[in-house]
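# A closer look at the structure
Okay, here's what each chain looks like letter by letter:
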Amino acid sequence: MRLKLIGLLVFIVLIYGCFSGNQPLSLSQIIKQASSGQAILLDVRTQEEYEKIRAKGALHLSLSDLQSGKMPNIGRKKQVYTYCQSGVRSEKARKILVERGYISVGNIGGIGAWQKAGGQVESDSD
């Protein structure tokens, strides 16, 4: 009986997700959100990588800091998008943030994808 109930709940969640209109945003839409202050970009690379090049206005908190328990000073209901160099570390960071109670967290992949989509970048040498 319990397995049937769990199966039914999973089915309902899947159907709701398909028809609720919650489609993933494109990177260009995310760029607009970040530019307007509706979303926070969180760079989870090393300090050296962050200083070299980063998405304009991004906050920095390395994956190793997140893994050691440090959390960003961001409201848990705020839309957050993580990124790194290729998307691997940022996905790990996304999962950590969700486990720690952040409600709306996405992974945009790597800084190169951000640039290709037209996202502005900056560095400490600017």
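Bear in mind that the values here come from a model prediction, so they are computed numbers and not experimental data.

Quick look at the side chain of Ser90 now. Along the polypeptide, Ser90 turns up in helix α5 (residues 88-99). Once residues lying within four places of it in the same chain are set aside, the contact partners of Ser90 are Val44, Thr82, Tyr83, Cys84, Asn107 and Gly109.

Burial analysis of strand β1 (residues 39-43) places four of its five residues in the buried class, the great majority of the element. With five bridges connecting them, β1 and strand β4 (residues 79-84) associate as parallel partners. Bridging across to β4, Ala39 finds its partner in Gln79. Examined bridge by bridge, β1 and strand β3 (residues 59-60) share two bridges and lie parallel to one another. Looking at the pairing, Leu42 lines up with Leu59 of β3.

Taking burial as the measure, the six residues of strand β5 (residues 105-110) include five buried ones, the bulk of the element. The pairing of β4 with β5 spans five bridges and is classified as parallel. Note that in β5 the partner of Tyr83 across the bridge is Gly109. Assessed by its sense of winding, the connection that carries the chain from β4 through α5 to β5 is right-handed.

Quick look at the sheet that holds β5 now. Spatial strand order, β3-β1-β4-β5: four strands in an open sheet with parallel pairing. Whereas interior strands pair on both sides, the edge strands pair on one side only; in this sheet they are β3 and β5. Packed on one face of the sheet, α5 meets β1, β4 and β5 and runs near 150 degrees to β4.

It is worth spelling out the pattern of salt bridges at this point. Taken as a whole, this structure holds five salt bridges when the rule is applied. Linking Asp43 and Arg45 is a salt bridge whose minimum nitrogen-to-oxygen distance equals 2.7 Å. Its salt-bridge partner being Glu49, residue Arg89 comes within 2.9 Å of it at the nearest N-O pair. A residue pair is termed long-range when its members are at least 10 positions apart, and Arg89 in helix α5 and Glu49 in helix α3 (residues 47-52) qualify at 40 residues. Relative accessible area serves as the criterion here: at 25%, Arg89 is assigned to the partly exposed category. When salt bridges that share partners are traced, they join Arg54, Glu122 and Asp124 into one network.

For the rest of this paragraph, the subject is the packing of aromatic side chains. What describes a pair of aromatic rings is the distance from one ring centre to the other and the angle between the planes of the rings. The tally for this structure, following the rule as stated, stands at zero aromatic pairs. Above the face of the Tyr50 ring, Arg54 is positioned so that its terminal group lies 4.5 Å from the ring centre.

This next bit is on the side chain of Asp43. Among the structural elements, Asp43 can be located in strand β1. Given a relative accessible area of 0%, Asp43 falls into the buried group. Looking at Asp43, its side chain comes within polar contact range of the side chain of Arg45, at 2.7 Å. Polar side-chain contacts of Asp43 include one of 2.8 Å to the side chain of Tyr83. When sequence neighbours within four positions are dropped, the list of residues in contact with Asp43 reads Tyr50, Ile53, Arg54, Leu59, His60, Leu61, Ser62 and Tyr83.

About the cut-offs
- Residues numbered from 1 in each chain as written.
- Predicted model: local features only at pLDDT ≥ 70, side-chain atom pairs only at ≥ 80, totals over all residues.
- Heavy atoms only, no water.
- Helix = DSSP H or I, 4+ residues; strand = E, 2+ residues; numbered from the N terminus.
- Contact = heavy atoms within 4.5 Å.
- Buried < 20%, exposed > 50% of the residue type's maximum accessible area, 1.4 Å probe, protein only.
- Pairing = 2+ DSSP bridges.
- Right-handed = clockwise from strand over helix to strand, strands pointing away.
- Axes fitted to C-alpha atoms, helices over the stretch in contact; angles between N-to-C directions.
- Salt bridge = Lys/Arg side-chain N within 4 Å of Asp/Glu carboxyl O.
- Phe/Tyr/Trp six-rings, centres within 6.5 Å; stacked < 30°, edge-to-face > 60°.
- Lys NZ or Arg CZ within 6 Å of the ring centre and 35° of its normal.
- Polar contact = N/O pair within 3.5 Å; in protein donor to acceptor, adjacent residues only side chain to side chain.

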